Amino acid sequence: MNVTQAEVRESRTCTIFTVKVDGQVHRCALSEEALYMLSQGMDPRLDRIDAYIVLKRRVACAASACLRNDATLPPVLQACHVAAHV
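Values in this document were obtained by computation on a predicted structure and should not be read as measured data.

Which residues make up the pairing of strand β1 (residues 15–21), and what are the values?
Where β1 and strand β2 (residues 24–30) come together, 7 bridges link them in antiparallel fashion. Bridge pairing links phenylalanine 17 to cysteine 28 in β2. Taken together, β1 and the strand that follows it, β2, pair antiparallel across an intervening segment of 2 residues, in which aspartate 22 is found at a positive phi of about 50 degrees.

Would you mind going over the environment of alanine 62 in detail, with residue names and values included?
In this structure, alanine 62 sits in helix α3 (residues 48–70). Using a relative accessible area of 0% as the deciding quantity, one classes alanine 62 as buried. Residues alanine 62 and alanine 83, spaced 21 residues apart in sequence, show a C-alpha to C-alpha distance of 8.5 Å.

Quick notes on the rules
- Residues numbered from 1 in each chain as written.
- Predicted model: local features only at pLDDT ≥ 70, side-chain atom pairs only at ≥ 80, totals over all residues.
- Heavy atoms only, no water.
- Pairing = 2+ DSSP bridges.
- Helix = DSSP H or I, 4+ residues; strand = E, 2+ residues; numbered from the N terminus.
- Buried < 20%, exposed > 50% of the residue type's maximum accessible area, 1.4 Å probe, protein only.

Any link to function would need more than the numbers given here.
Below, the structure written as structure tokens:
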């Protein structure tokens, strides 16, 4: 798999999730603020795997909303994109 320089830079500043939305796989980069917002309110008793699954579902919901509203996924999901999913 070839990795571009842009992807290397992006992975250093963002958290990247691969999610499936409406049958298509999307690579979603989240800013630190967006990741923080989506992580809020998670049950601290969850183990790491369950917490990751909950977080990944929240990312998929935010990505799905962006795709419905704009028909495209922004290069990086920012706090404004995930605010409705907190």
